[in-house]
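Observations on the three-dimensional arrangement
Chain by chain, the residues:
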Amino acid sequence: MLILIALMPWVVLVGLAGASLVRRPRLRSYAPAGAGPRVSVVVPARDEAGNIGVCLATLAHSQYANREIIVVDDQSVDGTADIVRALMERSQGDIRLVEGEPLPHGWLGKPWACWQGYRAARGELLLFTDADTRHEADLLGRAVAALETERADLVTVVPEQELASFWERMIMPQILFMLGLRFRATRMNRTGNPRDVVANGQFILIRRDTYEAIGGHEAIRGEVVEDLRLAQRTVEAGRRLFAAHAEEMMQTRMYRSLGGLVEGWSKNVALGARQSVAPWLRPIVPWLLVAFLVCTWIAPPVLLIGAAVTGGASDVLLWSLSATILSLTFWLIMNVRLGVPSLYSLVFPIGALAAAAIVTRSALRGRRVAWRGREYVVEES
């Protein structure tokens, strides 16, 4: 009986994994708006030569006609602006380029680029999207339809995360699961608690009047996890956020190397975790995440190997074997959901160890952040 009780956390996790296969709400449930308010699509770009061409090509093929595309070149050194200019010549005026100004004191790069894009925008709606995204032709129209149908002020979507390399497939599922456990679309769409919401910075569609009422990116100019804070300020102001799944309509590949993955999550995972909990919990929440990863995914197989090698107590052997089998079942389900080959489920402890190291690195860096050739010291929020 005690063994069964001790296994309950893993049983619950397997149930959550199964429930995650049902993705609700779905953006495809909303018939795409063919016409409506003008949308200004703002794409902040810093050294995105490898991504910007594909991103703009998909945006330009949107079926939602009443839109403009504004690329803010945040002082790139890799030819990003040249690629945009070449596309502009063929876009018949759909694409505009804003040459980014030097970063002012107190600002972080992405909020500053988004703010410059807003100042150049003419639309009633603003869509902030990243350069490493790809958009299907009906995505924007369906997002506008959802905004109007749900009487929302901000719409954000969950895209398909493309995981192509070994380390992406090992580490990203671990972090994506923790994010999904904390922020579920169905719960975010009902809550009035700002700590329980987040926006995906890869796709934030917001009404201009709401954006201006909450101070826009100027109000969060020093925030590393600016999408989280934009969502929180929206709800704090009594406005409505709506999140939906759109995996079949939007794809993104966040990181293409182990170094980029480590640096990217190191800059925001601990800070984001702290901002989504009560103040008294903030100093310890990153360490709680590390403890969760170690105790849930690493301890059972380690104990299993130890008990098998040393001939340990039968209860320990039975519990660790059962917990490891449940863990393996969990990761088989999650990898199916994420499109990761099933064989990666066999090495889930390594992925958990790597994720725990990233969370630890992020926590130990404190308020120091490095990203895309810039270094910041973030003020307490």
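Each remark here, short or long, concerns the structure printed above.
This write-up is about the structure you can find in this document. (Residues numbered from 1 in each chain as written. Predicted model: local features only at pLDDT ≥ 70, side-chain atom pairs only at ≥ 80, totals over all residues. Heavy atoms only, no water.)

Points about the sheet that holds strand E5 (residues 133-135)
Sheet strands pair via backbone hydrogen bonds, and the direction of the pair is either parallel or antiparallel. Threshold: By definition, two strands form a pair when at least two bridges between them are found by DSSP. Strands here mean DSSP runs of E at least two residues long; helices mean DSSP runs of H or I at least four residues long; both are numbered from the N terminus.
If you trace the three strands from one edge of the open sheet to the other, you get E5-E10-E7, paired in mixed fashion. Single-partner strands in this sheet number two, and they are E5 and strand E7 (160-161). Where E7 and strand E10 (residues 250-252) come together, two bridges link them in parallel fashion. Residue pairing for E10: glutamate 160 is matched across the bridge by glutamine 251.

Brief notes about the pattern of salt bridges
This is how it is decided: Any Lys or Arg side-chain nitrogen located within 4 Å of an Asp or Glu carboxyl oxygen qualifies as a salt bridge.
Summed over all chains, the structure comprises 23 salt bridges. The salt bridge partner of aspartate 94 is arginine 67, with a shortest N-O separation of 3.6 Å. A residue pair is termed long-range when its members are at least 10 positions apart, and aspartate 94 in the loop between helix H3 (80-90) and strand E3 (95-99) and arginine 67 in strand E2 (residues 67-73) qualify at 27 residues. In this structure, a network of salt bridges that share partners links the residues Arg38, Glu68, Arg96 and Arg122.

Some details on the environment of valine 71
Test applied: For every residue, the accessible area (1.4 Å probe, protein chains only) is compared with the maximum for its type, and the residue is labelled buried under 20%, exposed over 50%, or partly exposed between those bounds.
Within the fold, valine 71 resides in strand E2. Exposure remark for valine 71: the relative accessible area of 0% places this residue in the buried category. A C-alpha to C-alpha distance of 28 Å links valine 71 and glutamate 168, two positions 97 residues apart in sequence.

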